[in-house]
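Spelled out from the first residue to the last, the chains are:
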Protein chains: 2
Amino acid sequence: MLDNVRVVLVNTSHPGNIGGAARAMKNMGVSQLVLVDPRRFPDQQASARAAGADDILQNARVVATLEEALADCVLVLGTSARDRRIPWPVVDPREAADKVLDQLAELPDCQVALVFGREDAGLTSEELQRCQFHVHIPSNPDFSSLNLGAAVQVLSYELRMQSLQRQGQPTSKQKVETANSQNEMPVTGDEMEQYFVHLQQVLVEIDFLDPQQPRHLMPRLRRLYGRMGINRMEMNILRGILTQTQKAIGMKSAGERRR
Amino acid sequence: MLDNVRVVLVNTSHPGNIGGAARAMKNMGVSQLVLVDPRRFPDQQASARAAGADDILQNARVVATLEEALADCVLVLGTSARDRRIPWPVVDPREAADKVLDQLAELPDCQVALVFGREDAGLTSEELQRCQFHVHIPSNPDFSSLNLGAAVQVLSYELRMQSLQRQGQPTSKQKVETANSQNEMPVTGDEMEQYFVHLQQVLVEIDFLDPQQPRHLMPRLRRLYGRMGINRMEMNILRGILTQTQKAIGMKSAGERRR
């Protein structure tokens with residue numbers, strides 16, 4: 001899905017940031033990296049920070065101009081930290097991801113680019129005018145400039161999140177298999193009632209609950225346990241504790257009798 | 001809004017990552033940093049990567065144990081890359097942000113923690129069991145481990161995004177009123193720990209838990225009780241039941257002795 005998305009880094013000064021960007025991309029399943037006139041590349045610092053995303057660095061395309069990097073792209077989004085004199089369509093990272101995915105849904109074979117500027121100065125006005133949309137990461141206005149790798153991370157993350165959601169894939173690792181197992185099935189209302197009967201009985205036996213003056217103890221415990229969403233295995237544990245409590249009272253007295 | 005959210009970094013090896021995390025936090029308006037037993041801190045590399053977020057580093061609290069870091073927290077979320085044997089409630093970063101903001105909306109003065117593990121090994125199973133929720137960043141399964149600063153960036157970004165989106169929405173007045181009473185205040189991490197210590201003790205006393213063969217009983221009970229959102233009144237009841245169970249075993253034997 002994200003094979004046709006390229007990350008374009010313009011005039012990057014610190015090779016470590018190229019490595020950080022590569023790692024962030026690979027973490028999120030984005031693989032195409034294009035470097036426009038990087039200060040230092042290849043470089044050991046890039047490889048070190050890539051931490052295993054060396055394939056992204058090895059396959060990175062190095063070009064001289066932004067024009068070359070964007071030549072075959074139908075949609076270009078550029079990151080921008082600052083307000084610009086000329087108003088431009090500005091989107092947040094989530095909207096940016098949606099723009100990209102809409103484009104790819106419409107035209108699966110097209111190429112899309114996300115452009116990131118220099119560490120110190122971002123993209124020039126001219127470069128930003130090459131982009132259909134400006135992406136603004138909604139940062140703290142008093143400290144708005146993200147590390148380059150962090151900015152690539154945020155946009156790649158949104159691409160993956162929105163992409164997984166569109167495919168109907170879980171974004172949090174839901175444990176489908178375990179939930180299918182009997183142990184993870186939620187208990188029924190009946191089973192909950194049986195638990196409360198058992199619990200009340202034990203509370204009376206340990207003299208915690210006075211049946212003549214129940215106060216609001218059982219309703220409170222009902223509210224507490226009711227909101228837990230107890231599964232079968234957990235219910236077995238809870239019932240086991242009650243049964244064992246009853247045995248402990250009995251066993252203790254039996255032990256005492258033997259003396 | 002995010003003043004009461006703390007980022008907790010456990011046993012960080014590379015001080016550069018502490019700086020990267022601080023910068024990511026400040027970019028997103030998160031300011032509380034707690035470092036559990038960092039390998040090297042303070043350190044020049046941390047300051048270099050913080051790139052202006054020095055205030056976060058200067059105000060960072062360094063503690064010896066995770067327990068200290070979480071003592072006053074009512075909600076704890078821990079990042080986890082891997083599958084665990086015991087299924088735990090897993091949320092994605094967006095859901096995690098919603099959990100945090102829901103908690104802060106209900107109880108504006110409470111403390112909430114996001115916990116991040118070691119660069120190489122993440123959080124231990126024991127540390128993860130201290131967390132009500134596990135946060136999984138939906139990364140590429142073949143290359144799933146994010147840089148520490150990048151992970152802090154993603155979670156802080158989602159906190160800011162969700163927080164901005166919520167602004168302007170009416171807060172539930174009803175919840176604020178009930179939460180104001182002491183009884184309805186959620187218990188702290190410390191109080192939960194004391195409960196689990198007490199529970200474990202009683203389970204051993206009633207012979208339900210064999211300390212030599214604990215299996216997964218305590219983790220399972222931690223998961224169960226951890227997701228309840230227990231308030232003070234409920235904790236008093238739960239502790240009262242445990243104390244009364246201990247008395248019932250003792251009283252019964254005392255009663256038997258009298259016969």
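Note: the structure precedes this text.
None of these values were measured; they are calculated from a predicted model.

Chemist: Any details on the overall build of chain A? Residues and values, ideally.
Modeler: Regarding its fold elements, chain A presents 11 helices and seven strands. Over its C-alpha atoms chain A spans a radius of gyration of 30 Å, topping by over 25% the 18 Å that the globule rule assigns to 259 residues. Along the first, second and third principal axes, the C-alpha set of chain A runs to 90 × 40 × 40 Å. Residue burial in chain A is summarised as follows: out of 259 residues, 51% are buried.

Chemist: Explain helix H5 (residues 93-106) of chain B to me, using residue names and the numbers behind them.
Modeler: Residue and element names in this part refer to chain B. The first and last C-alpha atoms of H5 sit 20 Å apart over 14 residues, in line with the 20 Å expected at 1.5 Å per residue. Buried within H5 are the following residues: Pro93, Arg94, Ala96, Ala97, Val100, Leu101, Gln103 and Leu104. Two or three places before arginine 94, at the start of H5, stands the capping residue aspartate 92, its side-chain oxygen 2.9 Å from that residue's backbone nitrogen.

Chemist: Can you tell me about the sheet that holds strand S7 (residues 133-135) of chain A, naming the residues and giving the values?
Modeler: Residues and elements named next belong to chain A. A sheet is described by the order of its strands in space; here seven strands give the open sequence S3-S2-S1-S6-S4-S7-S5, paired in parallel fashion. Edge positions in the open sheet fall to strand S3 (61-63) and strand S5 (90-91), since each of these has one partner strand only. Where strand S4 (residues 73-79) meets strand S6 (residues 111-116), five bridges bridge the pair, whose relative direction is parallel. In the strand pairing of S6, glycine 78 is matched with valine 115. Packed on one face of the sheet, helix H1 (residues 15-27) meets strand S1 (5-10) and strand S2 (32-36) and runs near 160 degrees to S2. The sheet contacts of helix H5 (residues 93-106) involve S1, S4, S5, S6 and S7, and relative to S4 the element is tilted by about 175 degrees.

Chemist: Before we move on, can you summarise the sheet that holds strand S1 (residues 5-10) of chain B with the specific residues and values?
Modeler: Residue and element names in this part refer to chain B. Spatially, seven strands are ordered S3-S2-S1-S6-S4-S7-S5 in an open sheet, and the strand pairing comes out parallel. Looking at strand neighbours, the two that pair on one side only are strand S3 (61-63) and strand S5 (90-91), the edges of this open sheet. Sheet analysis places strand S2 (residues 32-36) next to S3, joined by three bridges and oriented parallel. Bridge pairing in S3 places valine 36 opposite valine 63. Strands S1, strand S4 (73-79), S5, strand S6 (111-116) and strand S7 (133-135) of the sheet are contacted by H5, whose axis makes an angle of about 175 degrees with S4. The strands that helix H7 (residues 148-166) touches are S1, S4, S6 and S7; relative to S6, the one it contacts most, it runs at about 150 degrees.

Chemist: Explain the nonpolar core to me, and be specific about the residues and the numbers.
Modeler: Counting residues in each nonpolar core, the largest one holds 92 residues, and the members touching the most others are Leu9, Leu33 and Leu77 of chain A together with Leu9, Leu33 and Leu77 of chain B. Beyond its immediate chain neighbours, meaning those up to four positions away, leucine 77 of chain A contacts Val91, Ala96, Lys99, Val100, Val112, Ala113, Leu114, Val115, Cys131, Phe133 and Val135 of chain A. Of all hydrophobic cores here, the second largest spans 46 residues; its members include Ile206, Leu221 and Ile237 of chain A together with Tyr195 of chain B.

Chemist: Tell me about the environment of arginine 160 of chain B, residues and numbers included.
Modeler: Mapped onto the elements, arginine 160 of chain B comes out in helix H7. Note on arginine 160 of chain B: relative accessible area 15%, which makes it buried. Expressed as a C-alpha distance, the spacing of arginine 160 of chain B and valine 30 of chain B, which sit 130 residues apart in the sequence, is 8.4 Å. Among residues more than four places away in sequence, those in contact with arginine 160 of chain B are Pro138, Ser139, Asn140 and Pro141 of chain A together with Leu2, Asn27, Met28 and Gly29 of chain B. In this structure the side chain of arginine 160 of chain B is engaged in a polar contact, spanning 2.6 Å, whose partner is the backbone oxygen of proline 138 of chain A.

Chemist: Go over the interface of chain B and chain A with me, naming the residues and quoting the values.
Modeler: Of the residues lining the interface, 74 residues belong to chain B; the matching set on chain A comes to 70 residues. Interface area, chain B with chain A, both sides summed: about 6100 Å², of which 61% is carbon and sulfur. Along the contact surface separating chain B from chain A lie 27 residue pairs in polar contact (both at pLDDT 80 or more). Broken down by secondary-structure element, the contributors of at least two residues to the side of chain B that touches chain A are helix H1 (15-27), helix H2 (44-50), S5, H5, H7, helix H10 (217-226) and helix H11 (232-258) of chain B. Tallying contributions element by element places H11 of chain B first for the side of chain B that touches chain A, with 15 residues.

Chemist: Describe the pattern of salt bridges, naming the residues involved and giving the relevant values.
Modeler: What the rule picks out here adds up to 25 salt bridges over all chains. Arginine 166 of chain A is paired through a salt bridge with aspartate 98 of chain A; the nearest N and O atoms lie 3.1 Å apart. Residue arginine 166 of chain A is located in helix H7 (residues 148-166), and its partner aspartate 98 of chain A is located in helix H5; the two are separated by 68 residues in the primary sequence. What makes arginine 166 of chain A partly exposed here is its relative accessible area of 41%. Here the salt bridges do not stand alone but share partners, grouping Arg94 and Glu158 of chain A together with Arg94 and Glu158 of chain B into one network.

Definitions and limits used
Residues numbered from 1 in each chain as written. Chains lettered and ligands numbered in written order. Predicted model: local features only at pLDDT ≥ 70, side-chain atom pairs only at ≥ 80, totals over all residues. Heavy atoms only, no water. Helix = DSSP H or I, 4+ residues; strand = E, 2+ residues; numbered from the N terminus. Rg over C-alpha atoms; globule rule 2.2 N^0.38 Å. Buried < 20%, exposed > 50% of the residue type's maximum accessible area, 1.4 Å probe, protein only. Expected span 1.5 Å × (residues − 1). Polar contact = N/O pair within 3.5 Å; in protein donor to acceptor, adjacent residues only side chain to side chain. Pairing = 2+ DSSP bridges. Contact = heavy atoms within 4.5 Å. Axes fitted to C-alpha atoms, helices over the stretch in contact; angles between N-to-C directions. Core = buried A, V, L, I, M, F, W, Y, C linked by side-chain atoms within 4.5 Å. Buried area = accessible area lost by both parts, 1.4 Å probe. Salt bridge = Lys/Arg side-chain N within 4 Å of Asp/Glu carboxyl O.

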